[in-house]
Amino acid sequence: MPLLVMKSTRLMWVRLAALVFTCVAFSVVSNGGAVVDSMANWSIFCWAFSFAGTLLVVVVEIIGLHSCTPVSWIDFPITFACYAFLLCLSASVIFLLYFLKGQIVYSEVQDHWIASTVFSCLATVAYFVEVSLTRAQPDQFAGYMVTVPGLLKVCEIFVANVIFVFISDPVSYDSHSALKWCMAVYCICFIISAGILVRCIAGCTECQPFKNIHSAYTLLAVTMYLSATIIWPIFKFDSRYSESSSRPASCQYYHGLCPWDKLLTVAVLTALNFLIYLVDLAFLAQ
């Protein structure tokens with residue numbers, strides 16, 4: 001029968017702090033934030049998801065159910081902490097851009113927004129510290145996800161998720177077949193990278209066929225993202241193919257990102273993911 005064991009370690013205290021910060025962030029904005037925007041719902045999801053996952057990790061650590069989990073417990077906590085860090089960071093930026101920048105609202109509502117943003121930033125710091133502490137552990141306690149290629153895989157999937165958010169609101173890839181190819185690149189690479197991540201968390205990283213497939217796929221992803229990095233700006237910002245070659249004057253009246261800003265963000269994130277895959281390929285080639 002599993003025993004309740006509360007290990008007083010720095011890692012546990014950091015996880016408990018992240019648990020409190022995320023709980024406060026989504027509780028405050030849900031109860032008094034008066035927000036119904038889709039970006040606000042995304043932020044609340046980020047905090048709630050991070051809270052639920054951290055609670056799961058803490059409970060498993062306290063009860064001692066590591067051997068009963070269907071995944072490699074060496075890799076799962078740091079993988080989740082990386083995603084929670086990125087999610088809380090994105091939620092913090094979203095609230096700063098969409099709900100605090102230039103807004104004049106009732107003071108009580110704004111106080112809720114500010115409080116949620118502050119606790120989101122604290123949660124972001126807590127998850128960053130958790131990742132740093134996990135990576136600083138001795139080698140015998142470090143799994144594949146602690147390595148640079150493992151962390152890069154997390155970033156590749158997260159950046160693709162953010163691209164999906166911006167490219168679908170409003171839909172901006174259906175005006176030309178070349179843009180549909182870009183969307184195919186994002187989807188294909190996301191699905192395969194997610195599959196590789198699942199195998200990594202399951203502890204299936206030592207077999208040679210997996211390493212060969214991983215290297216071949218990363219090379220393919222670099223090539224595909226390079227094509228999307230070139231194609232997307234041409235068909236979205238070149239006046240020969242698009243009417244949105246320059247930023248519309250109406251964008252200055254938007255709170256947050258206007259549709260043109262989202263197109264530019266997709267272009268930047270596509271180039272960023274290309275660079276991440278390129279670095280990943282360089283590490284795999286060593």
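If you're wondering where the values come from, they're calculated on a predicted model, not measured in any experiment.

Asks: Provide a residue-level description of the environment of A52, including the pertinent values.
Replies: Relative to the helices and strands, A52 resides in helix α2 (residues 38–63). Relative accessible area serves as the criterion here: at 43%, A52 is assigned to the partly exposed category. Taking the C-alpha atoms as reference, A52 lies 9.1 Å from C23; in sequence the two are 29 residues apart.

Asks: Give a detailed account of the nonpolar core, specifying residues and quantitative values.
Replies: Judged by nonpolar contacts, the single largest core of 83 residues is most densely connected at W47, Y186, C189, Y225 and W232. Going through the elements one at a time, α1 (10–32), α2, α3 (76–100), α4 (107–135), α5 (148–167), α6 (177–201), α7 (208–237) and α8 (259–284) are the ones with two or more residues in this core. Leaving out residues up to four positions away in the same chain, Y186 has contacts with I163, F164, I167, Y225, A228, W232, V266 and T270.

Asks: Tell me about the layout of surface pockets, and name the residues and values.
Replies: Looking at the second largest pocket, its volume works out to about 330 Å³. Those elements giving two or more residues to the lining of the second largest pocket turn out to be α2, α3, α5 and α6. For the lining of the second largest pocket, the per-class residue count stands at 14 nonpolar, two polar and no charged.

Reading the values: the criteria
- Residues numbered from 1 in each chain as written.
- Predicted model: local features only at pLDDT ≥ 70, side-chain atom pairs only at ≥ 80, totals over all residues.
- Heavy atoms only, no water.
- Helix = DSSP H or I, 4+ residues; strand = E, 2+ residues; numbered from the N terminus.
- Buried < 20%, exposed > 50% of the residue type's maximum accessible area, 1.4 Å probe, protein only.
- Core = buried A, V, L, I, M, F, W, Y, C linked by side-chain atoms within 4.5 Å.
- Contact = heavy atoms within 4.5 Å.
- 1 Å grid on protein atoms, 1.4 Å probe; cavity = no way out; pocket = protein on both sides within 12 Å on 5 of 7 lines; lining within 4 Å.
- Points joined across faces, edges and corners; volume = space filled by probe spheres on them.
- Nonpolar A, V, L, I, M, F, W, Y, C, P; charged D, E, K, R; others polar.

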